[in-house]
Amino acid sequence: MKLFKFIFSKVFLLQLILAVVILVALIFGALKYLDVTTNHNETIIVPDLSKFELDIVDKKLEEMNLRREVLDSANYNPNYPPYSVLDQVPKPGKAVKENRKIYLTLNPSGYIDVEIPKNLKRKTRRQVEPTLIALGFKIGEIIERPDIAKGAVLELRHKGEKLEAGDFLPKTSTIDLVVGDGSL
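The following paragraphs examine the structure supplied in this document. Just so it is clear, the structure is predicted and the values come from calculations on it, not from any experiment. (Residues numbered from 1 in each chain as written. Predicted model: local features only at pLDDT ≥ 70, side-chain atom pairs only at ≥ 80, totals over all residues. Heavy atoms only, no water.)

1. A word on the overall build of the protein
1) Next: Tallying secondary structure elements over the protein gives 4 helices and 11 strands in all.
2) Next: Radius of gyration (C-alpha) of the protein: 34 Å, far over the 16 Å computed for a compact globule of 184 residues.
3) Next: With the C-alpha coordinates aligned to their principal axes, the bounding extent of the protein is approximately 115 × 50 × 25 Å.
4) Next: Within the protein, buried positions represent 24% of all 184 residues.
5) Next: Nonlocal contacts in the protein, meaning residues at least 24 apart in sequence, comprise 72% of its contacts between residues at least 6 apart.
6) Next: Taken as a whole, the protein presents about 12800 Å² of accessible surface, with 59% of it coming from carbon and sulfur. (Helix = DSSP H or I, 4+ residues; strand = E, 2+ residues; numbered from the N terminus. Rg over C-alpha atoms; globule rule 2.2 N^0.38 Å. Buried < 20%, exposed > 50% of the residue type's maximum accessible area, 1.4 Å probe, protein only. Contact = heavy atoms within 4.5 Å. Areas by Shrake-Rupley, 256 points an atom, 1.4 Å probe, with all protein chains shown as cover.)

What follows is the structure, encoded as structure tokens:
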């Protein structure tokens, strides 16, 4: 009985109303604070940075109050200038907030150097060609030379120079194969 009297007393009802008013004021104040501090509905459209070099990208992003971070240098793409942007996240046209980082993937200055594998000599041409192609090389001329093993690779050459296992060549280089003709 005392509990019901207390719940319907003026003191309790006044305290309850006061608590609800304070709670609503706190929620309203928090929402307004978040609107002001998070720049709600204030966005910048991300520009298309592809094919621009890094110094131009820096100027553009600084003007727009954005930042950049280089994630990676991908495989060389000859259609893009060296050290230019290949890809970006977020994509062009997306709306972002001020001071947002734009993550960039850059085009390296050239193809990476790939090591000539060991144990290619005296293997068949059918074994050597796929190995070299998988590494990113191109197969050039097939030069036959007198040797007892028909189709066995005797030498690898690049621009007339003999290649040894462990040598490095840029990816997409053309390698000529010297193979035996089976005549000895």
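2. Here we look at the sheet that holds strand β2 (residues 67–73)
1) Next: In spatial order, the strands read β2-β5-β3; together these 3 strands make up an open sheet with mixed pairing. Across the chains shown, the open sheet's two edge strands, defined by having one partner strand only, are β2 and β3 (85–89). With strand direction ignored, the average angle separating the axes of adjacent strands in the sheet is 30 degrees.
2) Next: Where β2 lies against strand β5 (residues 101–106), 6 bridges are found, and the strand directions are parallel. Bridge assignment links R67 to a residue of β5, and that residue is K101.
3) Next: Contacts from helix α3 (residues 54–63) reach β2, β3 and β5 within the one sheet, and its direction differs from that of β2 by about 150 degrees. (Pairing = 2+ DSSP bridges. Axes fitted to C-alpha atoms, helices over the stretch in contact; angles between N-to-C directions.)

3. Thoughts on the side chain of E129
1) Next: Tracing the sequence through the fold places E129 in helix α4 (residues 125–134).
2) Next: At 2.6 Å, the side chain of E129 forms a polar contact with the side chain of R125. (Polar contact = N/O pair within 3.5 Å; in protein donor to acceptor, adjacent residues only side chain to side chain.)

4. A look at helix α2 (residues 10–37)
1) Next: For α2, which comprises 28 residues, the first-to-last C-alpha distance of 40 Å matches the rise-based estimate of 40 Å (1.5 Å per residue) to within 8%.
2) Next: Looking one or two residues past α2, N39 carries a phi angle of roughly 50 degrees, positive in sign. (Expected span 1.5 Å × (residues − 1).)

5. Some thoughts on the pattern of salt bridges
1) Next: For the structure on display, the rule yields 9 salt bridges.
2) Next: Here R125 and E129 are joined by a salt bridge, their closest N and O atoms 2.6 Å apart. In this pair, R125 and E129 are both assigned in helix α4, 4 residues apart and thus about one turn of the helix distant.
3) Next: Accessibility expressed as a relative area gives 35% for R125, which makes it partly exposed.
4) Next: Between R145 and E155 there is a salt bridge, with its nearest N and O atoms 3.1 Å apart. (Salt bridge = Lys/Arg side-chain N within 4 Å of Asp/Glu carboxyl O.)

6. Quick word on a nonpolar patch on the surface
1) Next: Taken together, the side chains of L23, I27, L31, Y33 and L34 present a nonpolar region at the surface, about 530 Å² in accessible area.
2) Next: Relative to the elements of secondary structure, L34 occurs in helix α2. (Patch = residues over 30% accessible without salt bridge, like charges linked within 9 Å, V, L, I, M, F, W, Y side chains within 5 Å.)

7. Overview of unusual backbone geometry
1) Next: A cis amide bond links V89 with the next residue in sequence, P90, at an omega value of 0 degrees.
2) Next: Checked against the element boundaries, P90 lands in the loop between β3 and β4 (95–96).
3) Next: Notably, R122 is not glycine yet its phi reads approximately 70 degrees, a positive angle.
4) Next: Judged by its relative accessible area of 48%, R122 falls in the partly exposed class.
5) Next: Notably, T172 is not glycine yet its phi reads approximately 75 degrees, a positive angle.
6) Next: Take T172: it is sitting in the loop between β10 (168–170) and β11 (174–180).
7) Next: Relative accessible area serves as the criterion here: at 27%, T172 is assigned to the partly exposed category.

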